[in-house]
Amino acid sequence: MRNNPAEKACHNCRRRRLKCDRTVPGCKKCEQYGVECLGYKKLFLWEKGVASRGKMMGKTFPIPQLKQQINTLRSPEKEVMNIRDFGCMENSLFLPAPLTDPFYQGLDYTSRLYVHHFATRLSVDMVISDISDTVNPFRSVVPLCRDHPILLHTLVANAAFHISELQQQNLDVSNAGTEGLNGSLRMQTTPDASFRANVDALSAKHKALVMLRRALQDISNYDVDLIITVIHLFIISELISPCQDEWMSHVQGALRLIGYLQTLESRPASPAAFIRDSVTSDCLTYYVLGSTLMNTATLSDPFSISSDITASLTRAEANSYLSLPTPLLQILFKACELSNLVSLSTMLDADPSTTSTTTETFLAQARNLLDATTSFNIYTWASILEGSESSTRALSRIHTALAHKNAVQIYIIRSVDCLASMTEITESLVAGIIENLSLVPITDPVFKATCWPAFIAGAETDNPVYRRWAQDRLREFWELIPWGYVRTAGDVMMTTWRLRDAAGRTGEDNVGKRKGSWVQQLKGLQKYWLIA
């Protein structure tokens, strides 16, 4: 006689998002995958004994069985490292010996710490809103790492890089003898802790790269959505611990795979499909922002990947931590193309008879882009995105988008050398960026989207007060999101000041004019900066 099926899926199938046959006492799906079915009843995880009555009420005491389990999970070497390296980190890093999800029992203790850090801390930086797994798709990929070692190693690498940056941040503040933004003293830290986390990151990254290379050689037999997600996380690791040009190869690879995904006649079901829009949006935005300071003869148009690419970007806007409106991103890409044409023309066009015609052509294109930027209705965009133009979140979106709008206009002007003397106009745009971003404080979730316009304002201005504001703003950003690209933004900003200040002014009759454009000057350095 056959037992009646269970009312709901077993714990394994629910977490792996598989269709469970609900066979009692254990489902056949688990048997096929060679795993023990965890059944259908509530899981009880014993961590500490708690007295509920009598003189010992409220006190806790260890359970011997748990102590034995801890000892089997930790080697003496790991135990020393955990105390030394993680003891000075945030309380969120301390876990009960068995993670509450039984899927992770096979992970070593240090890996579980890194995965936990990714889920509870790093993934929060990657979105505007972090209420649940439904809102934060990056946290939702964590359960997938049990079945996909390449994803596990990538998550560990990202978390370890992030912890290394956190340690470095704490060390910098400690050496400066200052307090954190909230006035509380920083935790004790050492250079050795940052170094050890960085070693763990590089080790995990190497393992993931080996697996990624193998997957790309036989991509038809792999989950393309999952591989794109892994590449996206490689880009994040480059933003956390920047290595200048490595991010570009990852971005280009991700865009090629996104294009390949669009060509598939039938897309097989993928557990990572739910993150597709977020990953696509981030990768395309990184490509455009990275292209702003990169000097190249041609740029591949990422918006031509598929007809659905703009729709994918629009769907991801609501929770993208970059929060750059899609229409402005499209205009910015065209400005990048124009900037490269100007660079190429400057290098190749030595004939004075054609210079005037070329200049007029560039001016016309620049004016068209400026008009397109001006006509973009930010208030309508924010109202559609947030459902109401007057909500608190919508107002933050509006101020941030206005700052992005001004930053795009500055970039268009500075991309064309013949407009490099429009200092009065750009200075008013800088003032607008500062005014709008000052209304988006560090406590606002949308604050995460303000790095790029703050950098543009700082790089553009000659006003010492505005320069100081830009430095302070990036310092606050670094306090909130200690990713390496924020330090890069500050370094590149000061590079523009040194280049411009060294050049000086061009004479008494040309007060307010500059020798060349700082955008073109940075492009001439042939670096691969990504400032997001």
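Criteria and cut-off values
- Here the residue numbering is sequential within each chain, running from 1 through the sequence in written order.
- With the structure being a predicted model, the display of local features is reserved for residues of pLDDT at least 70 and the display and counting of side-chain atom pairs for 80 or more, all residues being used for whole-chain, interface and lining totals.
- Hydrogen atoms and water are omitted, and side-chain values are computed over all heavy atoms in the structure.
- By definition, any uninterrupted DSSP run of H or I lasting at least four residues is a helix, any uninterrupted run of E lasting at least two residues is a strand, and each is numbered from the N terminus.
- Throughout, a residue-residue contact means that at least one pair of heavy atoms, one from each residue, lies within 4.5 Å.
- Lines fitted to the C-alpha atoms define the axes, with helices restricted to the stretch that makes contact. Angles between their N-to-C directions range from 0 to 180 degrees.
- Roughly parallel means an angle under 35 degrees; roughly antiparallel, over 145; roughly perpendicular, 65 to 115; everything else is oblique.
- The handedness criterion is simple: a crossing whose near helix is rotated anticlockwise from the far helix by less than a right angle is left-handed, and one whose near helix is rotated clockwise is right-handed.
- Under the convention adopted here, Pro, Cys and the residues Ala, Val, Leu, Ile, Met, Phe, Trp and Tyr are nonpolar, Asp, Glu, Lys and Arg are charged, and Gly plus all remaining residues are polar.
- Salt bridges, as used here, are contacts in which a Lys or Arg side-chain nitrogen is within 4 Å of a carboxyl oxygen on Asp or Glu.
- Under the scheme applied here, a residue whose accessible area is under 20% of the maximum for its type counts as buried, over 50% as exposed, and between as partly exposed, the area being computed with a 1.4 Å probe on protein chains only.
- In predicted models, pLDDT denotes the confidence assigned by the predictor to each residue on a 0 to 100 scale.
- Note on aromatic pairs: the rings of Phe, Tyr and Trp (six-membered ring only in Trp) are paired at centre separations within 6.5 Å, and the planes decide the class, stacked below 30 degrees, edge-to-face beyond 60, tilted for the rest.
- We call a set of buried residues a nonpolar core when its members are Ala, Val, Leu, Ile, Met, Phe, Trp, Tyr or Cys and they connect through side-chain atoms within 4.5 Å of each other.

A. How the structure looks around the environment of Ala-335. Structurally, Ala-335 can be placed in helix 13 (residues 326-348). For Ala-335 and Thr-292, which are 43 residues apart along the polypeptide, the C-alpha to C-alpha distance reads 8.1 Å. Other than its neighbours up to four places away in sequence, Ala-335 contacts Leu-369, Tyr-411, Ile-412 and Ser-415.

B. Broad picture of unusual backbone geometry. Look at the link from Val-24 to Pro-25: it is a cis peptide, with omega at 5°. On the secondary structure map, Pro-25 appears in the loop between helix 1 (11-16) and helix 2 (28-33). For Ser-323, which is not a glycine, the phi torsion comes out positive at approximately 45°. For Ser-323, the position within the fold is in the loop between helix 12 (309-316) and helix 13.

C. The arrangement of the packing of helix 10 (residues 246-263) against helix 11 (residues 276-291) in detail. It is at 10 Å that the axes of helix 10 and helix 11 come closest, and there the two elements cross at 135°. Overall, the two elements helix 10 and helix 11 adopt an arrangement that is oblique. The crossing of helix 10 and helix 11 is left-handed. Only Arg-276, Thr-280, Cys-283, Leu-284, Tyr-286, Tyr-287 and Gly-290 of helix 11 make contact with helix 10, whose side of the interface consists of Trp-247, Met-248, Val-251, Gln-252, Ala-254, Leu-255, Ile-258 and Leu-261. Class assignment of the residues belonging to the contact of helix 10 with helix 11 gives a composition of 11 nonpolar, three polar and one charged.

D. Geometry of the pattern of salt bridges. In total, this model carries 14 salt bridges according to the counting rule given. When the shortest N-O distance is used, the salt bridge between Asp-462 and Arg-467 registers 3.3 Å. Residue Arg-467 is classed as buried on the basis of its relative accessible area of 12%. Notably, a salt bridge pairs Arg-468 with Asp-472, separated by 3.5 Å at the nearest N-O pair. Residue Arg-468 and its partner Asp-472 are located together in helix 19 (residues 464-480), separated by four residues, close to a single helical turn. Given the relative accessible area of 27%, Asp-472 is considered partly exposed. One continuous salt-bridge network, built from bridges that share partners, spans Asp-462, Arg-467, Arg-500 and Asp-501.

E. Seen up close, the confidence of the model for the chain. Chain-level pLDDT for the chain is 79 on average; 74% of the residues reach the 70-or-more range. For the chain, helix 3 (residues 64-73) is the element with the lowest average pLDDT, namely 34, and helix 18 (residues 451-460) is the one with the highest, namely 96. Low pLDDT, under 50, characterises residues 55-99; the stretch is placed with 86 contacts to residues that sit more than four places away or in other chains.

F. Looking closely at the packing of aromatic side chains. Counted under the stated rule, the structure contains six aromatic pairs. Centroid distance Tyr-287 to Phe-333: 6.5 Å. Interplanar angle 35°. Geometry classified as tilted. Of this pair, Tyr-287 sits in helix 11 while Phe-333 is found in helix 13, placing the two residues 46 residues apart along the sequence. Residue Phe-333 is classed as buried on the basis of its relative accessible area, which comes to 2%.

G. Examining the nonpolar core more closely. Ranked by size, the top nonpolar core spans 131 residues in total, and within it Phe-118, Leu-151, Tyr-286, Phe-455, Trp-483 and Tyr-485 carry the most contacts. Excluding anything up to four places from it in sequence, Tyr-485 contacts Leu-239, Pro-242, Tyr-321, Cys-451, Phe-477, Leu-530, Ile-531 and Ala-532. Counting nine residues, the second-largest nonpolar core is a separate cluster that includes Cys-10, Cys-20, Cys-30 and Cys-37.

H. How the structure looks around the side chain of Lys-523. Summarising the element assignment, Lys-523 is placed in helix 21 (residues 518-524). The residues contacting Lys-523, other than those within four sequence positions of it, are Ser-291, Thr-292, Leu-293, Met-294, Asn-295, Ser-339, Asn-340, Ser-343 and Tyr-411.

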